[in-house]
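Architecture at a glance
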Amino acid sequence: MKPKQKNVTSIDLQGTNKGKIQMDYHLGINYALTANGSSVMQSCILENHDMSDWHEIRVQISGTYIQASTCIIDTLRAGQAMQLDTLSITPDTDTLQRLTEAIDTTFSLTVSIGEDTEEFSLPIQLLPFDQWYGSNAAPQQLASFITPNHPYVQQLCRKAAEQKQAWTGNASLNAYQSEDPNQARQQVAAVFETLRKENIAYVVPPASFENEGQRIRMADVIRRDKLGTCLDLTLLMAACLVQ
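Residues numbered from 1 in each chain as written. Predicted model: local features only at pLDDT ≥ 70, side-chain atom pairs only at ≥ 80, totals over all residues. Heavy atoms only, no water.

Turning to the overall build of the protein chain, a few remarks are in order. Each helix and strand counted, the protein chain has six helices and 15 strands in total. The C-alpha atoms of the protein chain give 24 Å as radius of gyration, which overshoots the globular expectation for 243 residues (18 Å, by more than 25%). Each of the three principal axes of the protein chain carries a C-alpha extent, and together these read 80 × 40 × 25 Å. The proportion of buried residues among the 243 residues of the protein chain is 45%. (Helix = DSSP H or I, 4+ residues; strand = E, 2+ residues; numbered from the N terminus. Rg over C-alpha atoms; globule rule 2.2 N^0.38 Å. Buried < 20%, exposed > 50% of the residue type's maximum accessible area, 1.4 Å probe, protein only.)

Here you go:
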């Protein structure tokens, strides 16, 4: 199952009212996307192709895993288009937090103009909570997997402080507060040495049915299994350095 990126959908209204609705949205969504406040839908534009104005317009999105969202418009003039800013695709976050495998599903788009109502079914994919899209889609979401407040990260920082104490006589992990580049280098070196001593073995990424991106081992999984990919350990080290 291949994780989706973005979908630009153009739907022609087939009822008595002639027009079009165009949607630009992420086909694949995970918990990191919503937790960071990123919008699943970038735009939704309703176009009136009729010779007359439309009145009493109602556009709604809903689905099994998608919260209901409604946009109501009093009037859309003939030949005009309108961005539906209040319409959103909002997945159920509890479901996203629990997912261990991707789910291919759909959501409904309902367009009512006066007494004329049409309903369309559109695809969307819910990804596991630990799935990163990859560099081809929202690569910045990788930073969401850096967890500096995880208890294991706190333990590693304590060990890194002790390592730095043994090397320099100073256990402080004060980032750049000392304004001494050597202090910063010593802290990074101490974190690296601490992770080396954890004896974490390299392993391929977790089993996945997706062809793009990668599933990420979180800090608790690395601590438990003592296994990780290059990316897993990079994110864990980044968490220690952030802390």
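Moving on, we get to empty space enclosed by the protein. Once rolled over the atoms, a probe with the size of a water molecule shows which space is left empty. Under the defined criterion, the tally for this structure stands at one cavity of 30 Å³ or more. Quantified by volume, the largest cavity comes out at close to 50 Å³. Together, Phe 145, Thr 147, Arg 217, Met 218, Ala 219, Ile 222, Asp 232, Leu 235 and Leu 236 line the largest cavity. Taken together, the elements giving at least two residues each to the lining of the largest cavity come down to helix H5 (219–225) and helix H6 (230–242). Considering every element that reaches the lining of the largest cavity, the biggest residue donor is H6, with three residues. Among the residues forming the lining of the largest cavity, the class breakdown is six nonpolar, one polar and two charged. (1 Å grid on protein atoms, 1.4 Å probe; cavity = no way out; pocket = protein on both sides within 12 Å on 5 of 7 lines; lining within 4 Å. Points joined across faces, edges and corners; volume = space filled by probe spheres on them. Nonpolar A, V, L, I, M, F, W, Y, C, P; charged D, E, K, R; others polar.)

Next up on the list: the environment of Trp 132. Tracing the sequence through the fold places Trp 132 in strand S12 (residues 131–132). In the structure, Trp 132 is positioned 101 residues away from Leu 233 in sequence and 15 Å away in space, judged by C-alpha atoms. Here Trp 132 is in contact with Ala 138, Pro 139, Gln 141, Leu 142, Phe 145, Glu 212, Gly 213, Gln 214, Ile 216 and Leu 231, once residues within four sequence places are set aside. (Contact = heavy atoms within 4.5 Å.)

Looking now at the layout of surface pockets. Looking at the largest pocket, its volume works out to about 280 Å³. What lines the largest pocket is simply Cys 157, Leu 173, Ala 175, Tyr 176, Ala 184, Gln 187, Val 188, Val 191, Cys 240, Leu 241, Val 242 and Gln 243. Only helix H4 (181–197) and H6 provide two or more residues apiece to the lining of the largest pocket. Broken down by element, the residue count for the lining of the largest pocket peaks at four residues, all from H4.

Function cannot be inferred from these measures alone, as they are strictly geometric.
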